Amino acid sequence: MNAHLQPSGSAYFLAAETQTAERHTLSVLVDNEPGILARIVGLFAARGYNIDSLTVSETEHDKGLSRITVVTVATPKVLSQIKLQLERLVPVHRVHDLTAEGKALERELALVKVASTGEPRAEALRLADAYRAQIVDATTESFVFEITGKPSKIDSFIAIMMPLGLVEVVRTGLAAISRGPEGM
């Protein structure tokens, strides 16, 4: 089979890919009703689109609205298809590509467990302080740090904790909002 016809992870692998895939953060305002998350995730899965990060929360209780933040990697053509298909879902009010609209504020929270004693333990504490990570649990043999920031900051913190006794990591996924006075 020709190399340009090999599956690329997208349902549209038969078309020649001339565009490069880019990471995009989509913000989707939806009615807070049962099954909407399953429908959105199903839309991605059925078409072979990958979701790198997904966060969901009710944002306007009195209006019954939730905000879904989806991070995906796709070519501009596929991204356009994703947005159009999301907009067609009935309980979806708005879809914004925060990446295309300009610099969005993006933050993530992680809980990082590190088990160590002696000098590695002291070094983990010093580095946590430098990264402004908070200690949310401590025993004589381990710490659980809470860190918030850009995903790259969290990635860096995790990498630096690996040789110091990293046990496990839990991440929330990306929360993002556009800059400026306009709302969604």
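Since the model is a prediction, treat every value here as computed from it, not as a measurement. (Residues numbered from 1 in each chain as written. Predicted model: local features only at pLDDT ≥ 70, side-chain atom pairs only at ≥ 80, totals over all residues. Heavy atoms only, no water.)

Engineer: What exactly am I supposed to notice about the confidence of the model for the protein here?
Structural biologist: Low-pLDDT portions of the prediction should not be read for the details of their coordinates. Of all residues in the protein, 90% attain a pLDDT of 70 or more, and the chain-wide mean is 88. For the stretch residues 1–7, pLDDT sits under 50, and the model shows 6 contacts to residues farther than four places along the chain or on other chains. (pLDDT = per-residue confidence, 0-100. Contact = heavy atoms within 4.5 Å.)

Engineer: Sorry if this is basic, but what is going on with unusual backbone geometry here?
Structural biologist: If a residue is not glycine, its phi is most likely negative; likewise, a peptide bond is most likely trans. For Arg-132, which is not glycine, the phi dihedral falls at a positive 60 degrees. Mapped onto the elements of the fold, Arg-132 is located in the loop between helix 4 (118–130) and strand 6 (134–138). (Helix = DSSP H or I, 4+ residues; strand = E, 2+ residues; numbered from the N terminus.)

Engineer: Mind showing me how you'd approach the pairing of strand 3 (residues 65–74) here?
Structural biologist: Across the 10 residues of strand 3, 9 count as buried, placing the element largely inside the fold. Judged from the 10 bridges that link them, strand 1 (residues 22–31) and strand 3 form a sheet pairing that is antiparallel. Paired with Ser-27 across the bridge in strand 3 is Thr-69. Bridging between strand 2 (residues 53–60) and strand 3 involves 7 bridges; their strand directions are antiparallel. Along strand 3, the bridge assignment pairs Thr-55 with Thr-69. The hairpin turn running from strand 2 into strand 3, its antiparallel successor, is 4 residues long, and Gly-64 in that turn takes a positive phi close to 70 degrees. (Buried < 20%, exposed > 50% of the residue type's maximum accessible area, 1.4 Å probe, protein only. Pairing = 2+ DSSP bridges.)

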